[in-house]
Amino acid sequence: MNKNTIINDSKQFVSQHVIDDILEWEIMHGVAFRQADNTARHVPFSIAPMTMERSVYQHLQSVTPLIAKLVSNVSEDHDFLQESLSDMAKADPFFGRLMELHQLAHGDATQRHQPARQPLLLMRTDFMDDRQYGAKVIEFNGIAAGMGPFGQRATELHRYVQNQWHNVYQHWLEDATAISADNQGMEQLALGIATAARKVRAHFVDLGEQTGEQKPTFLMVVQKGEDNVYDQHLLEVALQQLGVRTVRRTFEQLSTLLSSGDNQRLILEEFGEIDTVYLRAGYQYSDYWAPELNEEICCQTLSQTRLFIEKHFVAMNATISQQLATSKSMQMLLTMMPTQEYARWGITLEEAQLIKSVLAEMKPISLETIKWFNSDADKQEWVLKNQGEGGGHCVFGDNISDTLAKLKPEEYDAWALMQRLYPHERDTPTIAVRDGKQTLVDDLVSEVGLFTAHYQGEPVTNFDGYAGYLIRSKPASENEGGIHSGQGILDSLVLIDG
């Protein structure tokens with residue numbers, strides 16, 4: 001245990017009746033994980049929000065939609081995707097499968113075509129505010145980029161604590177002058193999805209489709225038996241309030257339920273025409289694995305289901321090309337690329353410089369890089385990443401050399417070194433609440449995820465593409481900060497004038 005982290009579960013730093021009241025607020029507002037027995041467990045949270053200088057937050061608000069614009073345009077540059085990611089696809093079997101699907105969807109360089117799907121990029125760009133270098137991108141999340149509703153709920157939770165338990169809130173707040181940063185993540189993501197759904201439906205009305213009173217229909221592709229369902233249901237409720245009908249299915253279910261209608265219309269059995277598809281699954285092999293199918297080629301049937309969807313006129317996130325464009329390898333390529341080359345994707349030099357201001361240094365893995373790392377690098381200043389999504393895919397410090405030594409040369413292109421970020425620790429201790437128990441943490445650091453929504457490359461929110469934020473905090477001594485897979489807790493943001 002890090003000596004700077006104080007843990008004492010037996011001591012009550014906040015009255016238990018206050019904690020119990022907040023826990024009930026969380027459960028009542030859907031901030032929970034489903035348990036195997038269908039009960040609900042509250043999401044871990046901080047008792048008071050993190051603090052950020054207003055100028056830093058505003059900079060991130062302005063630059064993140066530009067990153068999404070860049071990624072959106074890169075994702076539709078199919079020649080570039082095939083050319084630039086071919087080596088990575090050979091090194092990573094899962095991305096190799098994605099590249100095969102991409103080529104089936106779009107053809108090769110000699111005969112390029114565009115499938116009917118309409119790209120809806122719902123993206124979360126994750127940042128850390130480094131002590132020395134300022135806010136820098138950790139990663140792009142273009143598939144299963146969830147927890148926007150939980151991000152908004154965390155802001156609302158802290159406002160509840162401020163209003164209901166003001167003395168508690170003020171005691172644990174870093175700066176008494178701090179003002180809560182507005183967060184409409186749930187509503188803005190729902191607005192982007194609903195806007196895209198209506199545009200698709202209007203397209204078919206123009207073609208003469210008789211829709212009657214039927215509402216636009218949204219399909220969420222989910223993992224079988226997952227526990228993070230309440231965040232997803234919150235988004236569904238927000239969509240329903242905008243007049244959108246919602247349905248959830250797994251890839252396995254969809255493999256026998258989808259069909260084609262007139263004019264490349266996507267049809268779901270019992271529900272009819274589908275206007276928008278949102279993947280909360282599909283970023284790992286297990287999402288496509290159905291053992292009862294007894295396939296000679298792993299995951300063939302369910303990955304073909306994804307390809308089948310792309311052949312229809314439907315708003316879709318994430319497209320196969322969007323997933324490729326938000327890979328770690330593409331992040332590295334865009335980081336290493338001269339700013340002038342961004343013009344290929346409609347990015348001005350000024351916009352490119354803004355984007356570059358938040359990209360952390362990355363290096364490809366090669367024999368030369370490994371030699372440099374082992375002999376000259378400060379190993380604590382780097383993190384080794386593969387292409388995996390979620391927690392458990394990063395290697396830190398002295399363990400990097402061990403991992404590099406085990407890699408075969410044909411695996412190098414699946415990995416990258418990235419500048420390790422050391423965010424500001426909170427100036428004052430705070431309380432983390434997990435499983436109803438309090439923990440005092442005096443080295444809490446935060447990861448800031450900003451959401452964006454673009455349809456066919458154009459912003460579809462009330463804030464020029466920006467769609468709210470998600471804050472996850474963890475002790476600085478912990479490497480894995482995911483709320484699911486690590487020691488992360490749900491948090492929110494307050495602003496001060498620096």
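Relevant structure appears above.
Residues numbered from 1 in each chain as written. Predicted model: local features only at pLDDT ≥ 70, side-chain atom pairs only at ≥ 80, totals over all residues. Heavy atoms only, no water.

Trainee: Is there a simple way to think about the environment of G107 in this case?
Mentor: Along the chain, the position of G107 falls in the loop between α4 (93-106) and β5 (118-130). With 258 residues separating them along the chain, G107 and I365 place their C-alpha atoms 29 Å apart. Those residues in contact with G107 that lie beyond four places of it in its chain are H102, R112 and H113. (Helix = DSSP H or I, 4+ residues; strand = E, 2+ residues; numbered from the N terminus. Contact = heavy atoms within 4.5 Å.)

Trainee: Sorry, what's going on with the pattern of salt bridges here?
Mentor: Once the charged atoms of two side chains with opposite charge are near each other, the side chains can pair. Following the criterion strictly, the structure yields 20 salt bridges and no others. Measuring nitrogen to oxygen at the nearest pair gives 3.1 Å for the salt bridge that ties D126 to R472. Here D126, found in strand β5, pairs with R472, found in strand β23 (residues 466-475); they are 346 residues apart in sequence, far enough to count as distant. A relative accessible area of 0% means that D126 is categorised as buried. One salt bridge in this structure joins D182 and R159, with 3.9 Å as the shortest N-O distance. Note that D182 is positioned in the loop between β7 (179-180) and α7 (185-206) and R159 in helix α5 (residues 148-164), a separation of 23 residues in sequence. Under the relative-accessibility criterion, R159 is labelled partly exposed at 30%. (Salt bridge = Lys/Arg side-chain N within 4 Å of Asp/Glu carboxyl O. Buried < 20%, exposed > 50% of the residue type's maximum accessible area, 1.4 Å probe, protein only.)

Trainee: Help me understand the environment of F80 in this model?
Mentor: Looking at where F80 falls in the secondary structure, it is placed in helix α3 (residues 78-91). Sequence separation between F80 and A325 is 245 residues, and the spatial gap between their C-alpha atoms is 9.9 Å. When neighbours within four sequence positions are excluded, F80 is seen to be in contact with V74, L85, M330, M337, R344 and W345.

Trainee: Looking at this structure, I do not really get empty space enclosed by the protein. What am I missing?
Mentor: The gaps left among the atoms become clear once a water-sized probe is rolled over them. Within this structure, the stated rule accounts for one cavity of 30 Å³ or more. Of the volumes computed, that of the largest cavity is approximately 40 Å³. Looking at the largest cavity, the residues that line it are F94, R97, L98, L101, Y285, Y288, C299 and S303. Ranked by residues supplied to the lining of the largest cavity, first place goes to α4 with four residues. Taken together, the residues that form the lining of the largest cavity break down as six nonpolar, one polar and one charged. (1 Å grid on protein atoms, 1.4 Å probe; cavity = no way out; pocket = protein on both sides within 12 Å on 5 of 7 lines; lining within 4 Å. Points joined across faces, edges and corners; volume = space filled by probe spheres on them. Nonpolar A, V, L, I, M, F, W, Y, C, P; charged D, E, K, R; others polar.)

Trainee: So what exactly am I meant to see when it comes to the environment of F95 here?
Mentor: Tracing the backbone shows F95 in helix α4. Looking at F95, the relative accessible area reads 4%, which means it is buried. The contact partners of F95, leaving out residues within four places of it in the chain, are M88, A89, Q323, L324, S327 and Q387.

Trainee: Can you walk me through the layout of surface pockets in this structure?
Mentor: A volume near 390 Å³ is recorded for the second largest pocket. Lining the second largest pocket are 18 residues, with T51, M52, E53, D129 and H424 positioned closest to its centre. At the level of elements, β4 (50-53) and β21 (444-455) are the ones that each hand at least two residues to the lining of the second largest pocket. Looking at side-chain class alone, the lining of the second largest pocket contains eight nonpolar, three polar and seven charged residues.

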